[in-house]
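# Structural overview for review
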Amino acid sequence: MLLIRLYREIIKILKKDDNSLGIFKVRTEEKILDKFVIRGGKPLHGEVTISGAKNAAVAIVTAAILCDEPCIIENVPDISDIAICLEIFRQMRADVRLINKNTVRIDTKNISVPSVPYDLARSMRASSYFLGTLLGRFHEALVALPGGCDLGDRPIDQHLKAFKALGASDIMENGSVHIKADELIGNQIYFDFITVGGTINAIFAAVKAKGYTVIENAAKEPHIVDVANFLNSMGADIRGAGTDVIKIRGVDYLKGITYPVIPDQIEAGTYMVAAAATRGNVLIKNVIPKHLESITAKLRNIGVSVEEFDESVRVRADSGGIFLKTNIRTMPHPGFPTDMQPQMSTLLTLAEGTSTVYDDIFDNRFRYVSELRRMGADISVDGKVAVIHGGRLTGAPVKATDLRAGAAMIIAGLAASGVTEISDIYHIERGYEAIEEKLKAIGADIQRVYVPSGSDMAISV
Ligand code: EPZ
């Protein structure tokens, strides 16, 4: 119910000044109950263009706080997590202007109070980046404990460990983390385990600290490299991003730049799996094939054809061959990404034989399995392992239990015979730009059904 309250909060703001965020509008509350209705069994054919990477963009947009001049960020995906970040900036008195659908100019010079509006901050995981950026600039930050997809417990102890290593102290105040430092001094930071957000927040806190910081056991995801490239373009001194040791020499000033966000490896992987599951033939454009290597390898194991070009991949499963069983173990990059686990598990429900999927990155990333079972999937979960006996899927009413689980429900609906109705699609809109338009353009029979709040009437469009 929190999200509905949150959307109502944002609607109040947007109605006050409707042009504030232009196209980056969070879906109005009338849309909170929207559903997707999919008539499955149609192979996907054609071309789809991938948007900017959500998990890079939320960090890079927030990093504008560290910039001493206005900066322009391009290839920003039009998704609700970004809309929330920009609304947080507006409420903190930053100047946010949309140059076009996916380009935003941010000037944070007028931010004076290093505190983030509570309800907006607790609605997503990425709000934790306001801790690192506000601390890096103001030596203080007050941010609600972050929310985000319900994947089990998601503490930020490693983030706080990094901040403490640089001289900060933290206390919990009414559900918010309050961190302060007289000054930030470079130091060695050793993460107990690999954490994407912790690595990015350590970079944010160190980039203007006095002296030299070494981050050990760092995460190596493509979006960490993108964040480092963005900051280095502004004049930061960050070396080793993309390896497990990142070295940072603090600087005093970061100049304004124009910077394009990298393509989204998980959005690309999602469309690759959708093309395979529907036995289609799709060219997926605006990708970095190297970021997709683990996904490509697994699809080829299953018997799917993946052809790599400079900035695109073609996925084909229209030869009529069977899908072969395989085993998946999610790992930090460059291993198989946990954010592709629900989508790949869905494909494996169509494979011959028994496959296993092991995912221990989060406490519980299998909540979607009970929804897949409604569609006839023979899948069981024992702790961190799902065991999948391949078969067929038939349409059913299901829920999106989180962002990537919602994407998996779409893939299941596209592959199933009959009609699938997916509710709680606001989860999906957090991370996939214009997903229904992109799918329709490659042959999917998908309709958004508006369910105006307070009525039980569904209006299909
Ligand atoms: C980022 O989450 C992504 N979110 C997630 O994507 C992604 O699944 C995850 O990285 C792993 O790749 C964003 O970038 C906004 P972690 P993050 O810190 O930073 C535990 C999606 O679908 N942990 O690498 O939260 C944590 O609970 C989303 O796009 C601690 O215990 O991931 C988890 O079990 C979902 N203490 C594990 O480590 C900490 O201080 C990995 O978390 C930090 C993390």
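Residues numbered from 1 in each chain as written. Predicted model: local features only at pLDDT ≥ 70, side-chain atom pairs only at ≥ 80, totals over all residues. Heavy atoms only, no water.

### A look at the environment of Tyr129
Turning to its location among the elements, Tyr129 is positioned in helix α5 (residues 129-138). Here Tyr129 falls in the buried class, since its relative accessible area comes to 7%. Note: C-alpha distance between Tyr129 and Thr62 (67 residues apart in sequence) is 6.6 Å. Excluding residues that lie within four positions of it along the chain, Tyr129 makes contacts with Val58, Ala59, Thr62, Val196, Gly197, Ile200, Asn201 and Phe204. (Helix = DSSP H or I, 4+ residues; strand = E, 2+ residues; numbered from the N terminus. Buried < 20%, exposed > 50% of the residue type's maximum accessible area, 1.4 Å probe, protein only. Contact = heavy atoms within 4.5 Å.)

### Description of helix α2 (residues 54-62)
For α2, the tally of buried residues reaches nine of nine residues, placing the bulk of the element in the interior. Of all the positions in α2, only Lys54, Asn55, Ala56, Ala57, Val58, Ala59, Ile60, Val61 and Thr62 are classed as buried.

### What to know about the sheet that holds strand β14 (residues 281-285)
Backbone-to-backbone hydrogen bonds pair the strands of a sheet. The strands run either parallel or antiparallel. Read from one edge of the open sheet, four strands run β2-β14-β16-β15, paired in mixed fashion. At either margin of the open sheet sits one strand with a lone partner, and together these are β2 (45-49) and β15 (305-308). The mean inter-strand angle of the sheet, taken between neighbouring strand axes irrespective of direction, is 15°. Where β15 and strand β16 (residues 312-316) come together, four bridges link them in antiparallel fashion. Note on β16: the bridge partner recorded for Glu307 is Arg314. (Pairing = 2+ DSSP bridges. Axes fitted to C-alpha atoms, helices over the stretch in contact; angles between N-to-C directions.)

### Considerations on the domain arrangement of the chain
Domain annotation of the chain identifies domain 1 (32-51 + 263-460) and domain 2 (54-260). Its C-alpha centre places domain 1 at a distance of 30 Å from the equivalent point of domain 2. Listed by partner, the interface residues are 23 residues for domain 1 and 24 residues for domain 2. Note on domain 1 versus domain 2: buried area summed over both sides is about 1900 Å², and carbon and sulfur give 49% of it. (Domains from an automatic or database assignment. Buried area = accessible area lost by both parts, 1.4 Å probe.)

### Focus on the pairing of strand β4 (residues 95-100)
Both β4 and strand β5 (residues 103-107) contribute to a ladder of five bridges, which runs antiparallel. Looking at the pairing, Arg97 lines up with Arg105 of β5. The hairpin turn running from β4 into β5, its antiparallel successor, is two residues long.

### Considerations on the sheet that holds strand β12 (residues 245-249)
One open sheet accounts for four strands, arranged β9-β10-β12-β11; its pairing is mixed. Of all strands in the sheet, those bounded by a partner on one side alone are β9 (188-190) and β11 (237-239). Averaged over neighbouring strand pairs, the angle between their axes works out to 15° when direction is ignored. With three bridges joining them, β11 and β12 adopt antiparallel strand pairing. Directly across from Ile238, in β12, lies its bridge partner Ile248.

### What to know about unusual backbone geometry
Between His333 and Pro334 the backbone carries a cis peptide bond, its omega angle lying at 10°. If you trace the backbone, Pro334 turns up in the loop between β17 (327-329) and α11 (341-348). Here His139, not a glycine, exhibits a phi torsion of approximately 60°, which is positive. By secondary structure assignment, the location of His139 is in the loop between α5 and β6 (140-144). Positive phi values are uncommon outside glycine, yet Arg279 reaches one of about 55°. Within the secondary structure, Arg279 is located in the loop between α9 (265-277) and β14. What makes Arg279 partly exposed here is its relative accessible area of 30%.

### Details of the packing of α2 against helix α3 (residues 80-91)
Packed helices, taken two at a time, are described by their axes: the angle between them and the distance between them. The N-to-C vectors of α2 and α3 enclose an angle of 5°; their axes lie 10 Å apart at closest approach. Considered as vectors, α2 and α3 are oriented roughly parallel to each other. Only Asp81, Ile82, Cys85, Leu86 and Phe89 of α3 make contact with α2, whose side of the interface consists of Lys54, Ala57, Val58, Val61 and Thr62. Counted by class, the contact of α2 with α3 contains seven nonpolar, one polar and two charged residues. (Parallel < 35°, antiparallel > 145°, perpendicular 65-115°, else oblique. Nonpolar A, V, L, I, M, F, W, Y, C, P; charged D, E, K, R; others polar.)

### What to know about the site of the ligand
In the vicinity of the ligand lie 23 residues, with Arg125, Gln158, Thr195, Asp339 and Ile361 positioned nearest. In the model, an oxygen atom of the ligand is placed 3.3 Å from a nitrogen or oxygen of the Asp153 main chain. With respect to the ligand, the backbone of Gln158 contributes an N or O atom lying 2.7 Å from an oxygen atom. Burial of the ligand by the surrounding chains reaches 91%, relative to a free accessible area of 820 Å². At the level of elements, α2, α6 (157-165), α7 (196-206) and α13 (403-415) are the ones that each hand at least two residues to the shell around the ligand. (Near = heavy atom within 4 Å. Polar contact = N/O pair within 3.5 Å; in protein donor to acceptor, adjacent residues only side chain to side chain. Areas by Shrake-Rupley, 256 points an atom, 1.4 Å probe, with all protein chains shown as cover.)

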